[in-house]
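Structural overview for review
Below, each chain spelled out in residue letters.
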Amino acid sequence: MLSASAKSFTPSSFNPSVAPAPKREQFALLPFSTVEALAGCSRAETSIFLALALHADAQTGHCWPGRARLAEITRLNESRVSKATTGLERKGLIRKELIAGCRVEYYLLPQ
């Protein structure tokens, strides 16, 4: 049996009805072969690939975050984002498709 003092241990500042909900974070699972392939990439390319992976569909690897969103996540400027995605495409890690002449969609490629 608990003593009266043990029953009333709840801190006075704790109120479950006002407690903030835990932050829901994005995550990506990468196969080891992809991690090995990223070893040959620059820091910017690796950061961009990981940001793309956060947005990509798990089955197809398809995603379409804009350059501004990728720049926000990686803290790179938008021209550096473009250079990094071009480097990733040359290395065979992603495929870029220009849609309607104004938007780029990305596909993460299996290694």
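The model shown is predicted, which means the values in this text are computed figures rather than measured ones.

**Topic: the side chain of Thr34**
Within the secondary structure, Thr34 sits in helix α2 (residues 32-38). Discounting residues that sit within four places of it in the chain, Thr34 has contacts with Phe49 and Gln111.

**Some points on the side chain of Thr85**
Position of Thr85 relative to the elements: it lies in helix α5 (residues 78-90). Judged by relative accessible area, which is 2%, Thr85 ranks as buried. One polar contact links the side chain of Thr85 to the main-chain carbonyl oxygen of Ser82, over a distance of 2.9 Å. Side chain to side chain, Thr85 and Lys96 meet in a polar contact 3.2 Å long.

**Topic: the nonpolar core**
With 19 residues, the main nonpolar core has Ile48, Phe49, Leu52, Leu70, Leu88, Ile94 and Leu108 as its most contacted residues. Those elements that provide at least two residues to this core are α3 (43-55), α4 (67-74), α5 and β3 (103-108). At six residues, α3 tops the list of elements feeding residues into this core. If we ignore the near neighbours within four places in the chain, the residues touching Phe49 are Leu30, Thr34, Leu38, Leu88, Leu93, Ile94 and Leu108.

Thresholds applied
- Residues numbered from 1 in each chain as written.
- Predicted model: local features only at pLDDT ≥ 70, side-chain atom pairs only at ≥ 80, totals over all residues.
- Heavy atoms only, no water.
- Helix = DSSP H or I, 4+ residues; strand = E, 2+ residues; numbered from the N terminus.
- Contact = heavy atoms within 4.5 Å.
- Buried < 20%, exposed > 50% of the residue type's maximum accessible area, 1.4 Å probe, protein only.
- Polar contact = N/O pair within 3.5 Å; in protein donor to acceptor, adjacent residues only side chain to side chain.
- Core = buried A, V, L, I, M, F, W, Y, C linked by side-chain atoms within 4.5 Å.

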